[in-house]
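Here is how the chains run, residue by residue.
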Number of protein chains: 2
Amino acid sequence: MTSSSSHDRLLDRLGEVAVRIGLNIAPGQQLLITAPLDAVPLVRRITEHAYRARASLVTPFFSDDEMTLARFHHAPDAAFDVAAGWLQGGMANAYRDGAARMAITGGNPVLLSNEDPDRVARANKASSLAGRPAMELITNFAINWNIVACATPAWAAQVFPDDAPDVALARLWDAIFLASRVTVDDPVAAWTEHNTTLHRRADWLNERRFAALHFTGPGTDLTVGLADGHAWAGGSEPARNGIVCNPNIPTEEVFTTPHALRVEGHVRATKPLFHQGTLIDGIEVRFEGGRIVETHATRGLPVLERILATDEGASRLGEVALVPHSSPISRSGILFRNTLFDENASSHIALGQAYTKCMLDTDGQTPEQIVARGANSSFIHIDWMIGSAEINVDAITQDGGREPLMRHGEWANPV
Amino acid sequence: MTSSSSHDRLLDRLGEVAVRIGLNIAPGQQLLITAPLDAVPLVRRITEHAYRARASLVTPFFSDDEMTLARFHHAPDAAFDVAAGWLQGGMANAYRDGAARMAITGGNPVLLSNEDPDRVARANKASSLAGRPAMELITNFAINWNIVACATPAWAAQVFPDDAPDVALARLWDAIFLASRVTVDDPVAAWTEHNTTLHRRADWLNERRFAALHFTGPGTDLTVGLADGHAWAGGSEPARNGIVCNPNIPTEEVFTTPHALRVEGHVRATKPLFHQGTLIDGIEVRFEGGRIVETHATRGLPVLERILATDEGASRLGEVALVPHSSPISRSGILFRNTLFDENASSHIALGQAYTKCMLDTDGQTPEQIVARGANSSFIHIDWMIGSAEINVDAITQDGGREPLMRHGEWANPV
Ligand SMILES: [Zn+2]
Ligand SMILES: [Zn+2]
Ligand SMILES: [Zn+2]
Ligand SMILES: [Zn+2]
């Protein structure tokens with residue numbers, strides 16, 4: 001629990017870190033913020049810091065869980081194939097004209113768990129389709145962008161179900177402030193140091209140029225081939241508009257592009273996946289030639305199957321990421337039920353679209369050439385967690401050799 | 001004062017009237033809602049009623065007074081020439097694709113009164129310019145649209161400054177519910193009857209085809225020539241998409257298009273004007289050849305002068321409207337400090353853009369041809385009040401005759 005004035009100070013710091021470290025917003029930039037209604041106080045702090053950093057115009061888009069549910073409860077069936085293409089198109093235009101993007105996460109992780117999975121899937125697909133032009137500018141890293149979290153009562157109730165609402169909310173805020181490194185005396189210095197650590201690990205992996213990663217553990221024996229000319233990334237990085245930003249706050253991962261055709265074996269998820277308001281638990285899948293050919297889940301299987309059917313790339317991998325099991329988020333022992341946190345507590349893989357920035361020498365290459373090197377293409381990008389203290393990772397070298405990369409969830413060698 | 005459950009019932013009715021009478025939303029239509037953050041409960045009622053009426057997708061845009069002020073207090077000076085053209089363009093695309101529009105009014109009427117008038121004017125101009133394509137679809141009545149009001153603490157404090165905040169808010173809600181005709185047993189029937197009354201008055205005026213209106217009273221001796229082939233409108237009307245809607249809730253006016261070149265004489269405003277967060281009081285202007293050639297105001301003169309300088313059409317009239325002084329809003333005796341209410345308590349004129357629907361036989365005519373008939377063109381449309389119990393209006397007939405139209409603010413002849 002934090003006192004009210006201490007909460008206000010930490011909220012202001014989170015806003016400052018999101019603007020200065022997360023976005024590193026440039027003078028004259030416009031800023032688009034998407035946020036749940038409960039995030040109004042954080043959005044106000046972010047807005048003030050953005051204007052102090054000489055942003056020209058901050059435009060917030062607040063979403064409301066009640067309005068989302070009203071659609072599922074009262075709208076006609078045909079509505080679920082409709083999306084706000086005009087708004088997604090407008091946002092894509094904003095990014096092309098130089099705007100930065102901030103997404104505030106914190107909605108109810110199971111908002112749609114009791115809704116018809118078919119309608120949920122259709123609504124998600126319509127919205128992914130409409131959002132593709134904007135999403136491409138994000139996955140191509142054309143602009144500086146950032147995701148940061150806001151505790152909300154509905155999210156806190158899911159994370160700390162045994163606590164009173166105000167206690168749960170305060171505990172979730174404490175966890176967010178800690179993971180976002182704003183509880184230290186000088187958050188900006190802490191982030192600079194943290195970025196250096198992540199850069200060192202990514203640089204070391206880039207020097208080694210491994211051919212594949214082999215994950216083993218309970219229920220898992222998975223070989224993830226890496227794309228030709230893959231690049232490891234982690235921490236702060238320059239977007240294509242030249243601005244060095246930290247797309248995720250918090251972030252603990254180093255990550256790269258798997259080869260879409262070279263993933264073999266089976267893998268068991270180590271945490272449930274909360275995707276667009278639905279819960280998918282007990283995931284086990286088997287890959288052949290890069291493609292998922294067998295799918296199990298103890299909960300939410302219909303939703304998972306619909307996700308995999310989105311398009312050709314939805315059943316192949318677009319990202320593989322390594323996170324030591326001793327990361328601060330993991331050590332907190334909290335299952336956040338939110339990808340931004342859970343993926344930074346655990347090594348993970350992502351179904352769907354690859355990040356162009358995780359491929360070397362793409363300048364001048366066509367999208368087809370980049371795909372031919374193994375980078376997956378899809379409307380979706382969904383991370384799910386496969387790391388734990390029981391997982392070992394071996395690196396396979398280009399000449400077929402093998403060396404330990406992680407043991408019991410920890411890096412086998414320091415950098 | 002209303003009890004909490006009675007408030008909830010009236011709020012729900014206001015949402016229903018806004019959707020069914022205001023928009024008359026069609027199955028499959030998308031709906032865009034702009035609203036202050038304090039309007040969340042009303043937006044939720046509107047959203048549910050829209051989905052029940054088979055809307056496909058409701059997208060809310062919430063604005064926040066604190067974020068608006070943060071820009072004036074912290075953003076760099078160049079920011080005030082920037083607007084969200086990408087968003088206005090996206091909204092225009094939504095309207096072209098058939099979406100309906102709901103605007104919820106209720107912000108602080110004097111939010112920007114202490115800010116630099118030059119910056120306020122520049123920000124308004126940038127936003128009017130960016131919003132022109134969307135605004136044209138509204139003024140052309142291409143789509144069904146509606147403005148409805150939500151009481152907010154900041155607005156209530158301006159209307160009832162001597163009351164405690166909760167009393168002021170409850171009194172403002174009571175006034176809104178009453179003026180919006182949702183306190184009767186059957187609001188839909190009440191609106192049908194009210195629309196019939198307004199249609200009868202507009203039909204009578206259209207049959208008479210007067211050449212001009214002559215307003216006289218304290219400080220006022222103004223002749224407003226009417227455009228060639230002007231049409232009087234009032235109450236519900238079909239938009240060009242075929243949907244019969246009530247653009248304003250409440251509405252008490254019948255209104256038409258003045259001739260942009262044929263306004264002569266001087267006029268004194270009978271109420272202060274609250275425009276985009278600034279107050280302009282004690283307005284007196286003189287027209288020659290349709291154009292304002294002399295401008296006085298006891299408060300906010302710099303803002304008024306900047307408004308008139310927006311473009312050529314900003315100092316000419318685009319609307320003249322007649323409202324009997326005995327209208328329910330006027331009888332309430334409340335100065336609402338909000339145009340939607342104050343213009344429906346008083347005869348008024350509007351600077352700037354004319355409504356195409358207030359011109360006969362425009363199908364197949366170019367914008368230039370419509371302008372040649374006297375319909376004014378401008379980025380702005382700003383209503384201000386010139387009616388009171390002390391104002392008489394004579395109608396000038398096409399052959400130069402004169403007959404009494406309003407005496408002491410009331411219609412001289414029943415219809
Ligand atoms: Zn990742
Ligand atoms: Zn990812
Ligand atoms: Zn009017
Ligand atoms: Zn008007």
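These numbers were taken from a predicted model, which means no experiment stands behind them.

Remarks on the overall build of chain A
Of regular secondary structure, chain A possesses 12 helices and 20 strands. Counting only residues that meet the buried cut, chain A has 59% of its 415 residues in that class. Long-range contacts, defined here as pairs at least 24 residues apart, represent 77% of the contacts in chain A between residues at least 6 apart. As presented, chain A carries roughly 15600 Å² of accessible surface, and 50% of it is formed by carbon and sulfur atoms. Across chain A, the centroid of the 35 positively charged side chains sits 2 Å from that of the 49 negatively charged ones.

Things to note about the sheet that holds strand 2 (residues 57-63) of chain B
All names here are of chain B. Spatial strand order, 2-1-3-4: 4 strands in an open sheet with parallel pairing. Each of the sheet's edge strands pairs with one partner strand only, and the pair in question is strand 2 and strand 4 (145-149). Strand-to-strand twist of the sheet, defined as the mean angle between neighbouring strand axes without regard to direction, takes the value 15°. Bridging between strand 3 (residues 100-105) and strand 4 involves 5 bridges; their strand directions are parallel. Note on strand 4: the bridge partner recorded for T105 is A149.

Observations concerning the relation of the copies chain B and chain A
Note on the copies: chain B fits chain A at an RMSD of 0.0 Å, the axial shift is 0.0 Å, and the rotation between them is 180°. Both copies are brought into coincidence by an operation consistent with a two-fold rotation axis. For chain B, the smallest separation between a C-alpha atom and the rotation axis is recorded for G90 of chain B, amounting to 2.3 Å. Most of the interface of chain B is mirrored in chain A: 100% of its interface residues are interface residues there too.

Some words on the coordination of the zinc ion (ligand 4)
Residues and elements named next belong to chain B. Around the zinc ion (ligand 4), the protein supplies E319 (OE), H381 (NE2), D383 (OD) and D383 (OD) as donor atoms, at distances of 2.0 to 2.6 Å. For the zinc ion (ligand 4), the 4 donor atoms are set out with angles of 56 to 148° between them, so the coordination reads as irregular. In this structure, the zinc ion (ligand 4) lies 3.4 Å away from the zinc ion (ligand 3), the two metals sharing E319 as a donor. Given a relative accessible area of 8%, D383 falls into the buried group.

Notes on the side chain of N146 of chain A
Residues and elements named next belong to chain A. Within the secondary structure layout, N146 lies in strand 4 (residues 145-149). Classification of N146 as buried rests on a relative accessible area of 0%. Of note is the side chain of N146, whose polar atom sits 2.9 Å from the backbone oxygen of N246.

Section: the nonpolar core
L31, I46 and I104 of chain A together with L31, I46 and I104 of chain B are the most contacted members of the largest nonpolar core, which totals 159 residues. Ignoring any residue separated from it by four or fewer positions in sequence, one finds I46 of chain A in contact with G15, A18, V19, L31, I33, M102, I104 and V148 of chain A. In terms of nonpolar packing, the next biggest core, distinct from the first, is built from 42 residues, V254, I280, V393 and W411 of chain A among them.

Details of the coordination of the zinc ion (ligand 2)
All names here are of chain A. Looking at the zinc ion (ligand 2), the protein donor atoms are E319 (OE), H381 (NE2), D383 (OD) and D383 (OD), and they sit 2.0 to 2.6 Å from it. In this structure, the zinc ion (ligand 2) is surrounded by 4 donor atoms whose angles at the metal cover 56 to 150°, and the resulting shape is irregular. Mapping the donors of the zinc ion (ligand 2) onto the primary sequence yields the spacing E-x61-H-x1-D. Taken as an interatomic distance, the gap from the zinc ion (ligand 2) to the zinc ion (ligand 1) is 3.4 Å; E319 donates to each of them. Of this pair, E319 sits in strand 15 (residues 317-322) while D383 sits in strand 17 (residues 381-385), and the two are 64 residues apart along the sequence. Accessibility classification places E319 together with D383 in one group, the buried group.

What about the domain arrangement of chain A?
All names here are of chain A. With domains assigned, chain A is organised as domain 1 (4-179) and domain 2 (191-411). The centre of domain 1, based on its C-alpha atoms, is set 23 Å off from the matching centre of domain 2. Across the domain 1 to domain 2 interface the summed buried area is about 3600 Å²; carbon plus sulfur atoms make up 63%. Linking domain 1 with domain 2 are 1 salt bridge. The shortest N-O distance in the salt bridge between D118 and R306 comes to 3.6 Å. Linking domain 1 with domain 2 are 22 residue pairs in polar contact (both at pLDDT 80 or more). Looking at the side of domain 1 that touches domain 2, the elements with two or more residues in it are helix 1 (4-23), helix 5 (117-139), strand 4, helix 6 (153-159) and helix 7 (165-179). Take the side of domain 1 that touches domain 2: its biggest share by element is 10 residues, from helix 5.

Here's the deal with the sheet that holds strand 10 (residues 258-268) of chain B
Backbone-to-backbone hydrogen bonds join strands into a sheet, with any given pair of strands oriented parallel or antiparallel. Across the sheet, 8 strands lie side by side as 14-13-10-6-5-18-19-20 (chain B); this open sheet has antiparallel pairing. The open sheet terminates on both sides in strands that have one partner only, identified here as strand 14 (291-296) and strand 20 (410-411) of chain B.

Examining unusual backbone geometry
Residue and element names in this part refer to chain A. At the junction of I249 and P250, the peptide bond is cis and its omega measures out at 5° in the coordinates. Along the polypeptide, P250 turns up in the loop between strand 8 (244-245) and strand 9 (254-256). The phi dihedral of R54 falls on the positive side, at around 75°, and the residue is not glycine. In this fold, R54 is placed in the loop between helix 2 (40-52) and strand 2 (57-63).

Points about the interface of chain B and chain A
In this complex, chain B contributes 37 residues to the contact, which on the side of chain A involves 37 residues. Run the count over chain B and chain A and you get 4 salt bridges. A salt bridge links R44 of chain B to D64 of chain A, with the shortest nitrogen-to-oxygen separation between them at 2.7 Å. Across the chain B-chain A interface, the total number found is 10 residue pairs in polar contact (both at pLDDT 80 or more). Mapped onto the side of chain B that touches chain A, the elements with two or more residues apiece are strand 1 (30-36), helix 2 (40-52), strand 2, helix 3 (65-74) and helix 4 (85-96) of chain B.

Observations regarding the packing of helix 4 (residues 85-96) of chain A against helix 4 of chain B
Closest axis-to-axis distance for the helix 4 of chain A/helix 4 of chain B pair is 8 Å, and the angle between their directions is 155°. It follows from the interaxial angle that helix 4 of chain A and helix 4 of chain B lie roughly antiparallel. Viewed along their axes, helix 4 of chain A and helix 4 of chain B form a crossing whose handedness is right-handed. On the side of helix 4 of chain A, the interface is formed by W86, L87, G90, M91, N93 and A94 of chain A, while helix 4 of chain B contributes W86, L87, G90, M91, N93 and A94 of chain B. For the contact of helix 4 of chain A with helix 4 of chain B, the residue count by class is 8 nonpolar, 4 polar and no charged.

A closer look at the packing of helix 1 (residues 4-23) of chain B against helix 8 (residues 187-208) of chain B
Residues and elements named next belong to chain B. As a packed pair, helix 1 and helix 8 sit with axes 10 Å apart at the nearest point and diverge in direction by 45°. In terms of axis orientation, helix 1 runs oblique to helix 8. With respect to the hand of their crossing, helix 1 and helix 8 are arranged in right-handed fashion. Taking contact as the criterion, the partners of R13, V17, R20 and I21 in helix 1 are, on helix 8, P187, V188 and W191. Class assignment of the residues belonging to the contact of helix 1 with helix 8 gives a composition of 5 nonpolar, no polar and 2 charged.

Here is what the cut-offs are and how they apply
Residues numbered from 1 in each chain as written. Chains lettered and ligands numbered in written order. Predicted model: local features only at pLDDT ≥ 70, side-chain atom pairs only at ≥ 80, totals over all residues. Heavy atoms only, no water. Helix = DSSP H or I, 4+ residues; strand = E, 2+ residues; numbered from the N terminus. Buried < 20%, exposed > 50% of the residue type's maximum accessible area, 1.4 Å probe, protein only. Contact = heavy atoms within 4.5 Å. Areas by Shrake-Rupley, 256 points an atom, 1.4 Å probe, with all protein chains shown as cover. Lys, Arg positive; Asp, Glu negative; His and termini not counted. Charge placed at Lys NZ, Arg CZ, Asp CG, Glu CD. Pairing = 2+ DSSP bridges. Axes fitted to C-alpha atoms, helices over the stretch in contact; angles between N-to-C directions. Least-squares fit on C-alpha atoms with pLDDT ≥ 70 in both. Donors = N, O, S within 2.8 Å, 3.2 Å for Na, K, Ca; no water. Tetrahedral: all angles 85-135°; square planar, octahedral: opposite > 155°, others 65-115°. Polar contact = N/O pair within 3.5 Å; in protein donor to acceptor, adjacent residues only side chain to side chain. Core = buried A, V, L, I, M, F, W, Y, C linked by side-chain atoms within 4.5 Å. Domains from an automatic or database assignment. Buried area = accessible area lost by both parts, 1.4 Å probe. Salt bridge = Lys/Arg side-chain N within 4 Å of Asp/Glu carboxyl O. Parallel < 35°, antiparallel > 145°, perpendicular 65-115°, else oblique. Left-handed = near helix turned anticlockwise from the far one by under 90°. Nonpolar A, V, L, I, M, F, W, Y, C, P; charged D, E, K, R; others polar.

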